[in-house]
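Single-letter residue listing:
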Amino acid sequence: SVRDAVAVGWMKLAENMYDLDDKTPVLDATEHAHALFAAAAAADPSDARARRLLALSDQESGDALVALHRDDEALARYQAALKVEEDIAARDPLDQTDRQDMGNTWYGIASLYDDRSMHDQALAAFRKTVAVRRALVEATPEAGALQRDLAQVLANLAAVDRKSVV
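For clarity, every value in this text was computed on a predicted model and none was experimentally measured.

1. Observations regarding the overall build of the protein
Working step 1: Within the protein, the regular secondary structure consists of 7 helices and 0 strands.
Working step 2: Walking the protein from its N terminus toward its C terminus, one meets helices and strands in the order α-α-α-α-α-α-α.
Working step 3: Its C-alpha atoms give the protein a radius of gyration of 16 Å, near enough to 15 Å, the size a compact globule of 166 residues would have.
Working step 4: In terms of overall dimensions, the protein has a C-alpha envelope of 50 × 35 × 25 Å along the principal axes.
Working step 5: The buried share of the protein, reckoned over its 166 residues, is 42%.
Working step 6: Per element, the accessible surface of the protein, about 8700 Å² overall, is 54% carbon and sulfur.
Working step 7: Across the protein, the 19 positively charged side chains and the 29 negatively charged ones have centroids separated by 3 Å.

In structure tokens:
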């Protein structure tokens, strides 16, 4: 639909602005997309694509909010994304795109907790990220990008684990 095309356009605009130091325009673009995806998901709650894109816009808004030091709002957005991603995963456990999105959302949550020096929460969230990313690598062992993502989160987990001991 035209609404979906415009919403995807807003998300692409946000992606193209990630290099900006001020993430306010990124947040604005993701918020425009979010409103359109929310309308699509409300119009047809069984539309998994609309719900996945709504969750993705929540995740991307969360990333922008973290950069703007609006951590509580970011965490709420990440949690909203995670709720939808977990629901999609329960309905379709083989949806690799949803799993990748879920791994990214858990990674955002873990990084936010790490930045706040909330080590126990960061460890738990990084462990969730590892579980999701490990399952992706096991399902597609030839995917180098997935292996790299898993290695990155394992390094983050080890760094947070060292902080919590010190």
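2. Points about the nonpolar core
Working step 1: If you look at the biggest cluster of nonpolar residues, it comprises 33 residues, and the most contacted ones within it are M102, W106, I109, Y113, A125, F126 and V153.
Working step 2: If you list the elements that add at least two residues to this core, you get helix 2 (24-43), helix 3 (48-67), helix 4 (71-91), helix 5 (96-115), helix 6 (119-139) and helix 7 (144-165).
Working step 3: A total of 8 residues in this core trace back to one element, the largest contributor, which is helix 6.
Working step 4: Once residues lying within four places of it in the same chain are set aside, the contact partners of I109 are L75, Y78, L82 and A125.

3. Side note on helix 4
Working step 1: A rise of 1.5 Å per residue sets the reference length of helix 4, with its 21 residues, at 30 Å; its end C-alpha atoms lie 30 Å apart and thus fit the reference within 8%.
Working step 2: A74, L75, R77, Y78, A81, L82, V84, E85, I88 and A89 are the residues of helix 4 that are buried.
Working step 3: Where helix 4 is buried, its residues meet helix 2, helix 3 and helix 5.

4. Section: the layout of surface pockets
Working step 1: Estimates place the volume of the largest pocket at around 200 Å³.
Working step 2: As for the largest pocket, its lining consists of Q59, D63, V66, Y78, N104, Y107, G108, S111, L112, R133, D149 and Q152.
Working step 3: If you list the elements that add at least two residues to the lining of the largest pocket, you get helix 3, helix 5 and helix 7.
Working step 4: Among the elements that make up the lining of the largest pocket, the one with the highest residue count is helix 5 (5 residues).

5. Some words on the packing of aromatic side chains
Working step 1: The full count for this structure, using the stated rule, is 1 aromatic pair.
Working step 2: Plain terms: the ring middles of Y107 and F126 are 5.8 Å apart, the flat faces sit at 65 degrees to each other, and that makes the pair edge-to-face. Residue Y107 is found in helix 5, and its partner F126 is found in helix 6; the two are separated by 19 residues along the sequence. One exposure class covers both Y107 and F126, and it is buried.

6. Quick word on the confidence of the model for the protein
Working step 1: When pLDDT is averaged across the protein, the result is 92; 99% of the residues are at 70 or more.
Working step 2: At the level of individual helices and strands, the protein shows its lowest average pLDDT in helix 7, which scores 87, and its highest in helix 2, which scores 96.

7. Thoughts on helix 5
Working step 1: Relative to the 28 Å expected for 20 residues at 1.5 Å per residue, helix 5 spans 28 Å between its end C-alpha atoms, a close match to the ideal helical length.
Working step 2: Two to three positions downstream of the cap, the backbone nitrogen of T97 sits 3.1 Å from a side-chain oxygen, assigning the N-cap of helix 5 to D95.
Working step 3: Directly beyond the C-terminal end of helix 5, a positive phi value near 60 degrees is found at S117.

So, how was this worked out
- As a convention, each chain's residues are numbered from 1 in the sequence order in which they are written.
- Where totals are concerned, whole chains, interfaces and linings use all residues; where local detail is concerned, this predicted model gives features only for residues with pLDDT of at least 70, and gives and counts side-chain atom pairs only at 80 or more.
- Hydrogens and water molecules were not included; the side-chain quantities draw on all heavy atoms of the structure.
- Segments assigned H or I by DSSP are reported as helices when at least four residues long, segments assigned E as strands when at least two residues long, and all are numbered from the N terminus.
- As defined in this context, the radius of gyration uses C-alpha atoms, and a globule is described by 2.2 Å times the residue total to the power 0.38.
- Exposure classes here rest on a 1.4 Å probe applied to the protein chains alone. A residue is buried below 20% of its type maximum, exposed above 50%, and partly exposed in between.
- For accessible areas, the Shrake-Rupley method is used with a probe of radius 1.4 Å. Any residue's cover is judged against the shown protein chains and nothing else.
- Charge counting follows a simple rule: Lys and Arg are positive, Asp and Glu are negative, and His as well as the terminal groups are ignored.
- For this purpose, a charge sits on NZ of Lys, CZ of Arg, CG of Asp or CD of Glu.
- Side-chain atoms within 4.5 Å are what join buried Ala, Val, Leu, Ile, Met, Phe, Trp, Tyr and Cys residues into a set we call a nonpolar core.
- By definition, residues are in contact when any of their heavy atoms lie within 4.5 Å.
- To estimate the expected span of a helix, subtract one from its residue number and multiply by 1.5 Å.
- Think of a 1 Å grid over just the protein atoms. A cavity is a set of points where a 1.4 Å probe fits yet cannot get out, a pocket is an open set with protein on both sides within 12 Å along at least five of seven lines, and lining residues have an atom within 4 Å of a point.
- Grid points are joined across faces, edges and corners, and a volume is the space filled by probe spheres set on the points.
- Think of it this way: a Phe, Tyr or Trp ring, Trp meaning its six-membered ring, pairs with another when their centres are within 6.5 Å, and the plane angle makes it stacked under 30 degrees, edge-to-face over 60, tilted otherwise.
- Values of pLDDT, which run from 0 to 100, indicate the predictor's confidence residue by residue.
- Polar contacts, as counted here, are pairs of nitrogen or oxygen atoms within 3.5 Å of one another; within protein the pair requires one atom able to donate a hydrogen and one able to accept it, and residues that are adjacent in sequence qualify only if both atoms are side-chain atoms.

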